[in-house]
Amino acid sequence: MARLESIFKPGGLAFIPYIMAGDPDLDTTRAILTALAQHGADAIEVGIPYGDPLADGPAIAAAGARALANGVTLQKVLALVGEMHASLPPLILFTYYNLVYQFGLPAFARAAADAGAAGVIVPDVSLEEIEPLRLALGAHAIDMPLLVAPSTPPERAARIAEQSGGFIYVVSRLGVTGSGRAPDTEPLRAQIAVLRAATKKPLAVGFGISTREQVDAVRGLADGVIVGSALIDAYAGARGEEAARRVRAYVDGLSASV
Amino acid sequence: MQPDALGYFGEFGGRFVPEVLVAALSELEREIESAFGDPAFWREYESVLAEFVGRPSPVYEARRYAAPASSAKFVVKREDLNHTGAHKINNTVGQALLARRMGKKRLIAETGAGQHGVATATVGAKFGIPVDIYMGAVDVKRQALNVYIMQLLGATVHPVSGGTKTLKDATSEAFREWAARVGDTFYVIGSVVGAHPYPFMVREFQKIIGVEARQQCMERYGKLPSDVVACVGGGSNAAGIFAGFINDPEVRLWGVESAGEGTQTPRTAASLNAGTVGVLHGSRSYVLQTAEGQVRETHSISAGLDYPGVGPEHAFLKESGRARYVSVTDDEAVRAFYEFAKTEGVIPALESAHALAYARTLAAERGPEHLILVNLSGRGDKDIAQIRGLSRPAS
């Protein structure tokens, strides 16, 4: 149960990269996952492509479109996770509610558990709608980290923290994912203070993190950092071992969790 | 009916959005509660609709179009006579007044054919609020005239190049833009879709169509219509006219979807007739999607009906049986477009032509004591270039 929580060490900064499964093909994803595991990832978010990703900016939306164009489905991603998870840090599936809903919530939870996923993030399910999915995943000991935005009022942030599993995904700024705009430092600090007062669960900061300086700024503030769009930009256009090489170079430059 | 506390009509609706937007939806919900309970708010809304939009819109009998098949009275509600040429403006006036009341500094909107974009740009100009419009890159090309009109009205039009480059993607992009500037921006959604409270709010702003039409039928004919017919894409004009008759169980309500090339083909936009229950753009409703849950590309000859989702209240009215949802093909709609123009001297929007096509079939089954009310939701000037480009002759 505590698989995700255990990646966070006192005084440390867990590094949680996000990649889009099947971008541009599943063999490339295999190579990238291995590279991330060898270069300091404490957990990996595995995006399952969805055609209408409301929480994502251009980089991740385009990565999803490339994966879909290549015929990648939820089932194929589950198979890939099942095949590789034993040799990787904990894997967190990241996708949108309609895919999970069509699969059937209990069936999805069972399939995710069978594949060895440690967590599931679904960014378009609000707190008010979370219960059925949280219970279905909970029955299989899968954590469901929830997002807190800069616009989330304190009382609601505390309720989200209470329901969140594994860690709390603290969104660094308004808007969607993407490296075009940096975190809003002051509102982020304020939101983290609210959350620290409300919960002892680990906090991981994501959205807009792309540089070593931004990662260093999160160190000491939160317990983990999530990097997605910038990583996807780093390997976009490459395949297989070349993509993995670019991922290693980018991640080493970030020096997260080292 | 009112949605429940979580925004559900039966099992449809709700709030499936990223957390960043939830506070803004709650803020809007509170503002609606205060504004809708404030007579001064409605007085201003009605006065703008009277003086600026030209309401009430008339009803008239389309005798030549209905004949010879029909002995029932065939009555048309003239939303096409509104300023900007469609029912869309009823909603944008309401939302602009709310935005002003909330102190928002900017309006954003999605648009497909450009009608809602023009209606939003119009109220932005009137109330002095800057407007940004998100429009699929394909639609920007297809609807160049409406793009120019929006610009003329002072709005900025942003082409959206993701996905299918049409209304679905423009809507997603408007949501993303709202997420980025949620504090000072008001998202003017153009139909009874989206997360709670949008489907409810937009219906309330379109309800005036049904309220007026009911009163006009009673005054003119001393009775209620036997049937009310409206086209359904997202479903705002239908939701508006239905709302006036929802508590009259003897009035049959008909929503007409676009079958496109047929509801059994992939080239359709009939979400209620050919879709399954899913989540799109913030609410649970019927969606044209694959078995896996990817939203399908849709087709309709009418850009305003070319959308893979439908308002959650319509899904509820379908399930409850209060309204029935049928569909009309591209060819049937085009035939109604030609015939209505030639027999009535009114060029209907291609969207509205779907309702006209079905209503005439229905009229043939009704006796002389019946009255059929059709919502002519918009005028067809915007469709002229497209119709002209069709291979079939105008006669």
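Residues numbered from 1 in each chain as written. Chains lettered and ligands numbered in written order. Predicted model: local features only at pLDDT ≥ 70, side-chain atom pairs only at ≥ 80, totals over all residues. Heavy atoms only, no water.

*Asks:* Before we go on, may I ask you to explain the overall build of chain B in this structure?
*Replies:* A tally of helices and strands in chain B yields 15 helices and 14 strands. Taking 2.2 N^0.38 as the reference for a compact globule, 395 residues should give roughly 21 Å; the C-alpha atoms of chain B span a radius of gyration of 19 Å, in line with that estimate. When the backbone C-alpha atoms are referred to their principal axes, chain B occupies close to 55 × 45 × 40 Å. Long-range pairs, those at least 24 residues apart, make up 74% of the contacts in chain B with a sequence separation of at least 6. Here chain B has roughly 13800 Å² of accessible surface; of this, 51% comes from carbon and sulfur atoms. (Helix = DSSP H or I, 4+ residues; strand = E, 2+ residues; numbered from the N terminus. Rg over C-alpha atoms; globule rule 2.2 N^0.38 Å. Contact = heavy atoms within 4.5 Å. Areas by Shrake-Rupley, 256 points an atom, 1.4 Å probe, with all protein chains shown as cover.)

*Asks:* Just to check I follow, could you spell out the domain arrangement of chain B for this structure?
*Replies:* A common way to express how large an interface is: the accessible area buried when the components associate. Residue and element names in this part refer to chain B. Split into domains, chain B comes out as domain 1 (8-49 + 88-198) and domain 2 (56-86 + 207-389). For domain 1 versus domain 2, the distance between C-alpha centres works out to 23 Å. Each partner contributes to the interface: domain 1 provides 33 residues, whereas domain 2 provides 35 residues. Carbon and sulfur atoms supply 66% of the area that domain 1 and domain 2 bury against each other, a total of about 2700 Å² over both sides. At the junction of domain 1 and domain 2, the tally comes to zero salt bridges. The interface formed by domain 1 and domain 2 holds 10 residue pairs in polar contact (both at pLDDT 80 or more) in total. Going through the elements one at a time, strand 1 (8-9), strand 2 (12-13), helix 2 (39-53), helix 4 (88-101), helix 5 (115-127) and helix 8 (167-180) are the ones with two or more residues in the side of domain 1 that touches domain 2. By residue number, the principal contributor to the side of domain 1 that touches domain 2 is helix 8, which donates five residues. Classifying every residue of the side of domain 1 that touches domain 2 gives 16 nonpolar, 13 polar and four charged. (Domains from an automatic or database assignment. Buried area = accessible area lost by both parts, 1.4 Å probe. Salt bridge = Lys/Arg side-chain N within 4 Å of Asp/Glu carboxyl O. Polar contact = N/O pair within 3.5 Å; in protein donor to acceptor, adjacent residues only side chain to side chain. Nonpolar A, V, L, I, M, F, W, Y, C, P; charged D, E, K, R; others polar.)

*Asks:* Which parts of the structure should I look at to understand the interface of chain A and chain B?
*Replies:* The partner chain B presents 30 residues to the 35 residues of chain A that form the contact. Carbon and sulfur atoms make up 53% of the surface buried where chain A meets chain B, a total of about 2700 Å² over both sides. In terms of surface lost to chain B, no three residues of chain A exceed D52(A), L54(A) and E129(A), which account for 24% of the buried area on that side. Across the chain A-chain B interface, the total number found is two salt bridges. Notably, a salt bridge pairs R156(A) with E19(B), separated by 2.9 Å at the nearest N-O pair.

*Asks:* Honestly, the nonpolar core in this entry has me stumped. Any pointers?
*Replies:* Side chains of a nonpolar character, in soluble globular proteins, are inclined to be buried together. In terms of nonpolar packing, the biggest core is built from 171 residues, with L93(A), F167(A) and W178(B) touching the most fellow members. In terms of residues, this core owes the most to one element, helix 1 (residues 19-36) of chain B, which gives nine residues. Counting contributing residues, this core receives three or more from each of domain 1 (8-49 + 88-198) and domain 2 (56-86 + 207-389) of chain B. Apart from residues lying up to four places away in sequence, F167(A) is in contact with L4(A), F8(A), I16(A), I92(A), I121(A), P145(A), L146(A), P202(A), A204(A) and I226(A). Ranked by size, the runner-up nonpolar core spans 34 residues in total, among them F74(B), L350(B), A355(B) and L356(B). (Core = buried A, V, L, I, M, F, W, Y, C linked by side-chain atoms within 4.5 Å. Buried < 20%, exposed > 50% of the residue type's maximum accessible area, 1.4 Å probe, protein only.)

*Asks:* Quick question: what am I supposed to make of empty space enclosed by the protein here?
*Replies:* Residues and elements named next belong to chain B. Summed over all chains, the structure comprises nine cavities of 30 Å³ or more. K88, G190, S191, G304 and L305 are the residues nearest the centre of the largest cavity, which is lined by 33 residues in total. Split into classes, the residues belonging to the lining of the largest cavity amount to 11 nonpolar, 18 polar and four charged. Residue-level mapping places the lining of the largest cavity at the junction of two domains, with at least three residues from each of domain 1 (8-49 + 88-198) and domain 2 (56-86 + 207-389). (1 Å grid on protein atoms, 1.4 Å probe; cavity = no way out; pocket = protein on both sides within 12 Å on 5 of 7 lines; lining within 4 Å. Points joined across faces, edges and corners; volume = space filled by probe spheres on them.)

*Asks:* Even after reading the chapter, I still don't get the pattern of salt bridges, so can you show me in this structure?
*Replies:* With the rule as written, the count across this model stands at 41 salt bridges over all chains. The closest approach of N and O atoms between E128(A) and R156(A), which form a salt bridge, is 2.6 Å. On the criterion of sequence distance, the pair formed by E128(A) in the loop between strand 4 (119-121) and helix 6 (131-138) and R156(A) in helix 7 (residues 154-163) is long-range, its members being 28 residues apart. Of the residues examined, E128(A) reaches a relative accessible area of 32% and is grouped as partly exposed. Among the ionic pairs, K104(B) bridges to E27(B), the shortest N-O distance being 3.2 Å. Pair noted here: K104(B) is in the loop between helix 4 and strand 5 (106-111) and E27(B) is in helix 1, with a separation of 77 residues, a long-range link. On the basis of relative accessible area, K104(B) is assigned to the buried category, the value being 10%. A cluster of three or more residues bridged by salt bridges with shared partners is formed by R55(B), K77(B), E79(B) and E212(B).

*Asks:* How do you make sense of the environment of A69(A) when you look at a structure like this?
*Replies:* Residue and element names in this part refer to chain A. As for its position among the elements, A69 is in helix 2 (residues 58-69). Under the relative-accessibility criterion, A69 is labelled exposed at 72%. Sequence-wise, A69 and P49 are 20 residues apart; in three dimensions their C-alpha atoms are separated by 10.0 Å.

*Asks:* Sorry, what's going on with the sheet that holds strand 5 (residues 146-148) of chain A here?
*Replies:* Pairing between sheet strands relies on hydrogen bonds along the backbone, with the strands arranged either parallel or antiparallel. Residue and element names in this part refer to chain A. Strand order in the open sheet formed by eight strands is 4-3-2-1-8-7-6-5, and the pairing between neighbours is parallel. The two strands at the open ends of the sheet, each matched to only one other strand, are strand 4 and strand 5. Each strand of the sheet is rotated relative to its neighbour by a mean of 25°, with strand direction disregarded. Sheet topology note: the strand 6 (residues 168-171)/strand 7 (residues 203-206) ladder contains four bridges and is parallel. Each residue of the ladder has a partner; that of I168, found in strand 7, is L203. The strands that helix 1 (residues 26-38) touches are strand 1 (14-20) and strand 2 (44-47); relative to strand 1, the one it contacts most, it runs at about 175°. (Pairing = 2+ DSSP bridges. Axes fitted to C-alpha atoms, helices over the stretch in contact; angles between N-to-C directions.)

*Asks:* Would you mind showing me how to read the sheet that holds strand 14 (residues 371-376) of chain B here?
*Replies:* All names here are of chain B. Taken in spatial order, the six strands make up an open sheet running 3-4-14-9-10-13, and their pairing is mixed. Edge positions in the sheet fall to strand 3 (59-61) and strand 13 (323-329), since each of these pairs with one other strand and no more. Put simply, the sheet's adjacent strands are angled 25° from each other on average, direction ignored. Note that strand 9 (residues 227-231) and strand 10 (residues 252-260) share five bridges and pair parallel. The residue of strand 10 that forms the bridge with D227 is R252.

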